[in-house]
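Spelled out, the chains give:
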Amino acid sequence: MLQKWLQWNRKATWVLCVLTILGVISAVPIGAERWKVENTSKHVEFVLDYRDLLQVAAYKVHPQQYIHDELKNIKAAGINSMAVFETSLQELSWAGHLSLYSSTGVMQLQGKPLNDDENYTYILFASEKDDAALRPVIEATFRKWNIPISSWEYAGSKGIVLETPIEEAMLKAMEPDQSALEMIKDAGLNIVPRLSDRIPFDAAEVDKMMASYEAMGVDRILFDGDAVKGYADNAELHSINAFADILNKHGIGIVTIENSNPQKGLATLSHLTHYNVVRLLSLSDASAYSMKPEEITDRFHLAAKDRSIRMFYINVSPISKAAKSIITDPMQNIYDAMQNKDGILDKMDDLGLTVDRAQPFTYDSPAWHKPFKAITALGAIAIIALLVSAYIPGSAIPVFAIGLVGSAGLYVLSKSMFEQGLALGAAISAPTLAVIWAIRRVRAHTIGNRRAVSGTVDNARNNDGGMRWIFPGLTAGRRFTMALTLFVMTSIISLCGIAFIIGLLNNITYQLVLEQFRGVSLLHLAPIALVAIYLFLYTGESVVGNIRKLLSMQITVLWVAVAAVLGVMALYYLSRTGNAGTASSAELMFRNVLENTFGVRPRTKEFLLAHPLFFLGLFLALRYRAAWVLFIVGTIGQLSMVDTFAHIHTPIPISLIRDVLGLVLGLIIGLVLIGIWQVGEGVWKRWAPRIAQMKQGYKSGV
């Protein structure tokens, strides 16, 4: 009965292999469709923070003239937009429209005492025009907060008294400064309003505001704070839906910010606006000042090419330099980065991108996607079942059946969890199965060769007294050819995991990073652990026998030290994965050299470590059993190729080139390592007998 069941499972394994191949094939047209989507947005937009510009101007001798002149310089440098926040009393003060005083300040200004128990905010308008334009806006804002308002005058200038402390008054957000919007528009710059959720949502007022923005040519807004406009009132007023309708009515899209916590309500608003969304990279004011122009260029270039960023936000601020007794700013540094030879503008032109209003990627989901994705999902379940059956013989049929039922239930509960769960399982399974296949092929060759050559195995002692298995009979040339074939085939099997990520996670939400592929850390670790388990437990006479040997081994201080080192290496390896990983300045320089040399930077851990050692390991494992441990390191390169495509915002061509470059360079370096090994082995064979004779001579006293 058991034999019959195992026979059925062996047949089922072939069926699962066919389903896996069909899943890979069905993902190809889905990937081709995504490739087309990635080429639908060819404009980049550079946005400078207007509030920051006001802060810089506040430290100039003639602030108003500086702003007018600098807007022209900004336009000439290639920056085509300005971000304008909902204004505040402080910002209006920086712009020179009004002056702010506390009760104490007014007392000093007038030279006479006020009420001792008073802490109000006093406002004086700079001109009759400012009074007429700003008084209605200020009064409307503070009435919403139920703050009493009255009028006052000083030295012929009109003003307002707000019965609230000046510190609190400056926190109240108001509609953007219309005079600033007009000045920016007159300078030939686009406007990107920054709206917050601090002002209570009023659909009529918001509609009026969006209509005025549309008239100014605004086609995209950026949110300020941790939530989109209308989020706080959504439970009561369904304001996010209302806001989405208003945005759609006026043809205005939104922006999502790279490397920041998603703003509350952004995913919902994106869906309701039909994903009229552009991704933005922000350059901090500290980076704008401290980074060299070429460093800023590299950051923007990589963001546009590797992460599909189409909007760049530039922060600037005044910098106090006590050593030189001056207050400076990074404006010239930004201009140099934009306009230098091989600067930002040149780099964007090389990528085929033009400076204009940023456009969203045109996304469509054809009806044929569903059946193709279903086949891809079936293939993902099949490859996961194949992985389980590699460790639990005879489990292919029940695991596949459980996978079908479980996936159906997960699809009903959460489509996102269904897609991500299968994509993660397939991404782990492909490189793990690939390396297991390589281990089995090496075992088959060495065992077959061992039987062919007198049925014996030579034991050679290492210098440390341990045992090393040597499989004689294969020439170096034959081993090299076999190692190359095994390396290529292993990589092809691993690359199948890419198809499942592309086919299952083909959704604009992943490309816009509104939704992220969870479990990537598990992808970085699980294949390594599984391959190690397979090597130590499944390559001997039996799993039980191998476990007994491991349990009966004596634990020494050396073993503990080795385990500690491996643990630290594993933690470091995990810390370097994903977007949170950091790199040293030397490594960043090395990366730039690779980027400039190849146009696309291959992953260092692939071509410099994992692929060469895996190639060397395959070559050596056909003769030395101890070399099989290099397969564990080689697993890093195999899973890394799949992981490259887990960064779904990266265009498919970039990821493909990165993987191919890593493989080619890894093979070349591996070839060098094999050459060095062969030379070293030849030298050792020549001199080892003489050394042994010399030792023997010393022992005998000759």
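Presented here is an overview of the structure given in this document. The model shown is predicted, which means the values in this text are computed figures rather than measured ones.

A word on the overall build of the protein
Of the regular secondary structure elements, the protein holds 28 helices and 16 strands. Counting over 702 residues, the protein shows a buried share of 47%. By sequence separation, contacts in the protein at least 24 residues apart represent 77% of the contacts at least 6 residues apart. Accessible surface, the protein as shown: approximately 34,200 Å² in total, 61% of it carbon and sulfur.

Examining the packing of helix H17 (residues 369–391) against helix H22 (residues 520–537)
The N-to-C vectors of H17 and H22 enclose an angle of 30°; their axes lie 11 Å apart at closest approach. The orientation of H17 relative to H22 falls into the category roughly parallel. Packed against H17, whose contacting residues are Leu-387, Ala-390 and Tyr-391, the element H22 presents Leu-530, Val-531, Ile-533 and Tyr-534 at the interface. Looking at the contact of H17 with H22, its residues break down into seven nonpolar, no polar and no charged.

Remarks on the packing of H17 against helix H20 (residues 476–504)
Put simply, H17 and H20 touch, their axes get as near as 9 Å, and they point 140° apart. Comparing the axis directions of H17 and H20 gives the class oblique. As H17 packs across H20, the resulting crossing turns out to be left-handed. For the pair H17 and H20, the contacting residues are Lys-373, Thr-376, Ala-377, Gly-379, Ala-380 and Ile-383 in the first and Ala-499, Phe-500, Gly-503 and Leu-504 in the second. Among the residues making up the contact of H17 with H20, the classes are represented as six nonpolar, three polar and one charged.

Overview of the pairing of strand E2 (residues 81–85)
Along a regular strand, successive side chains alternate from one face of the sheet to the other. Counting buried residues in E2 gives five out of five residues, a clear majority hidden from the surface. Burial along E2 is two-sided: the residues Ser-81, Ala-83 and Phe-85 and Met-82 and Val-84 are all buried. Both strand E1 (residues 43–49) and E2 contribute to a ladder of three bridges, which runs parallel. Bridge pairing links Val-47 to Ser-81 in E2. Relative to strand E7 (residues 190–195), E2 runs parallel, the two sharing five bridges. Across the sheet, the residue bridging to Ala-83 is Val-192, located in E7.

Observations concerning the pattern of salt bridges
All chains considered together, the criterion is met by 19 salt bridges. With a closest N to O distance of 2.9 Å, Asp-329 and Lys-60 form a salt bridge. A residue pair is termed long-range when its members are at least 10 positions apart, and Asp-329 in the loop between strand E13 (326–328) and helix H15 (331–339) and Lys-60 in the loop between helix H2 (50–57) and helix H3 (63–77) qualify at 269 residues. A residue is classified by how much of its surface remains accessible, and Asp-329, at 15% relative accessible area, is buried. The salt bridge involving Arg-143 is made with Glu-139; its shortest N-O contact spans 3.8 Å. Of this pair, Arg-143 and Glu-139 both sit in helix H6 (residues 128–144), four residues apart, which is roughly one turn of that helix. The exposure class assigned to Arg-143 is exposed, which follows from its relative accessible area of 51%. Here the salt bridges share partners, and the residues they tie into one network are Asp-131, Arg-135, Glu-139 and Arg-143.

Quick word on the layout of surface pockets
Space inside the second largest pocket adds up to approximately 1,000 Å³. In terms of lining, the second largest pocket is formed by 27 residues, of which the most central are Thr-13, Cys-17, Leu-386, Leu-433 and Arg-440. At the level of secondary structure, the elements contributing two or more residues to the lining of the second largest pocket comprise helix H1 (2–37), H17, helix H19 (415–452) and H20. With nine residues, the single largest contributor to the lining of the second largest pocket is H1. Classifying every residue of the lining of the second largest pocket by side-chain character gives 18 nonpolar, six polar and three charged.

Some details on the environment of Tyr-66
For Tyr-66, the location among the structural elements is in helix H3. Residue class for Tyr-66 comes out buried when judged on its relative accessible area of 14%. Sequence separation between Tyr-66 and Val-56 is 10 residues; the distance between their C-alpha atoms is 9.2 Å.

The rules behind each value
- Residues numbered from 1 in each chain as written.
- Predicted model: local features only at pLDDT ≥ 70, side-chain atom pairs only at ≥ 80, totals over all residues.
- Heavy atoms only, no water.
- Helix = DSSP H or I, 4+ residues; strand = E, 2+ residues; numbered from the N terminus.
- Buried < 20%, exposed > 50% of the residue type's maximum accessible area, 1.4 Å probe, protein only.
- Contact = heavy atoms within 4.5 Å.
- Areas by Shrake-Rupley, 256 points an atom, 1.4 Å probe, with all protein chains shown as cover.
- Axes fitted to C-alpha atoms, helices over the stretch in contact; angles between N-to-C directions.
- Parallel < 35°, antiparallel > 145°, perpendicular 65-115°, else oblique.
- Nonpolar A, V, L, I, M, F, W, Y, C, P; charged D, E, K, R; others polar.
- Left-handed = near helix turned anticlockwise from the far one by under 90°.
- Pairing = 2+ DSSP bridges.
- Salt bridge = Lys/Arg side-chain N within 4 Å of Asp/Glu carboxyl O.
- 1 Å grid on protein atoms, 1.4 Å probe; cavity = no way out; pocket = protein on both sides within 12 Å on 5 of 7 lines; lining within 4 Å.
- Points joined across faces, edges and corners; volume = space filled by probe spheres on them.

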